[in-house]
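Survey of secondary and tertiary structure
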Amino acid sequence: HRALAEFDEPPIVVAHSLGGLLAQMLIGRQEIRALALLASLPPEGLMLESPRLALTDSHIWLEAVSGSFTGSKLPIGMAAHELLFSEGLPRERVARYSAQMTPEAPLVLIETHLPQPVLSALCLGLPTLVVSGTNDRLVRPASSLRTALYHGAEFRSMAELGHFLQLDLGAEAVADAVLRWIDDIGA
């Protein structure tokens, strides 16, 4: 809220993953000009995603939960490759990115599992874009599509990309799609 107060005019907010959930919580609480959600958690947070991940990719789910709740500040393990990036991204880049990541704080993880009220962007006429990677195993494309429908948003599906759209192969195409959308809505 403090950062948004620094702008002379309402900003266009571009947010990824957990940041996308936080950005959705701004709807109706802060004045923003447009919202672009990249591989964003859906409006209900991890309430539905986490049980699915625990059942379908239990080794990845266990690594994430144990890393957060043991207080570990060690880099995310190579399971991140399976969860966060597409298969085509070279292992060296995955290792470099993973070494810079740390697990989420336990309180943050708990809060993302509790439903929070999120106003639909459609109610306020807030232009919204939702972008999903077809290979995203954390926030599945179906969840991203559901988020887009909830907000009355435009939806873009990026072929072959994983959860970290902005770091994966094809990141330039994601940036181009967002910039074209901003131009198209005249923001």
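Summarised in this report is the structure supplied together with it.

Turning next to the overall build of the chain. Scanning the chain for helices and strands turns up 10 helices and 4 strands. For the chain, the residues scored as buried account for 44% of the 187 residues in total. Looking at the chain alone, contacts between residues at least 24 apart form 67% of all its contacts between residues at least 6 apart. Summed over its atoms, the accessible surface of the chain is roughly 9600 Å², and 61% of this surface lies on carbon and sulfur atoms.

Pairing within the open sheet is parallel, and its 4 strands lie in the order β1-β2-β3-β4. Two strands bound the open sheet, and with one partner strand each, they are β1 (12-16) and β4 (154-158). Between one strand axis and the next, the sheet turns through 15° on average, direction left out of account. Sheet topology places strand β3 (residues 128-133) next to β4; 5 bridges connect them, and they run parallel. In the sheet register, Val-131 faces β4, and the bridge partner there is Arg-156. Sheet contacts for helix α2 (residues 18-26): β1 and β2 (34-38); angle to β1, the most-contacted strand, approximately 145°. Where helix α9 (residues 141-151) meets the sheet, its contacts fall on β2, β3 and β4, and the angle it forms with β3 comes to roughly 175°.

Moving on, we come to α9. Taken as a whole, α9 has its buried residues at Ser-143, Ser-144, Thr-147, Ala-148 and His-151. Projected down its long axis, α9 shows its buried positions confined to an angular sector of 145°, all on one face. Counted as exposed and oriented over 90 degrees from the buried face of α9: Ala-142 and Leu-149. Where the residues of α9 are buried, they touch α2, β2, α3 (49-56), α8 (121-124), β3 and β4.

Once that is clear, we can look at the pattern of salt bridges. Summed over the entire model, instances satisfying the criterion amount to 5 salt bridges. Residue Glu-49 is joined to Arg-146 by a salt bridge in which the shortest nitrogen-to-oxygen separation is 3.9 Å. With Glu-49 in helix α3 and Arg-146 in helix α9, this pair connects stretches of sequence that are 97 residues apart. The class of Arg-146 is partly exposed, set by a relative accessible area of 34%. A network of salt bridges, in which partner residues are shared, links Glu-44, Glu-49, Arg-52 and Arg-146.

What counts and how
- Residues numbered from 1 in each chain as written.
- Predicted model: local features only at pLDDT ≥ 70, side-chain atom pairs only at ≥ 80, totals over all residues.
- Heavy atoms only, no water.
- Helix = DSSP H or I, 4+ residues; strand = E, 2+ residues; numbered from the N terminus.
- Buried < 20%, exposed > 50% of the residue type's maximum accessible area, 1.4 Å probe, protein only.
- Contact = heavy atoms within 4.5 Å.
- Areas by Shrake-Rupley, 256 points an atom, 1.4 Å probe, with all protein chains shown as cover.
- Pairing = 2+ DSSP bridges.
- Axes fitted to C-alpha atoms, helices over the stretch in contact; angles between N-to-C directions.
- Arc of directions from axis to C-beta.
- Salt bridge = Lys/Arg side-chain N within 4 Å of Asp/Glu carboxyl O.

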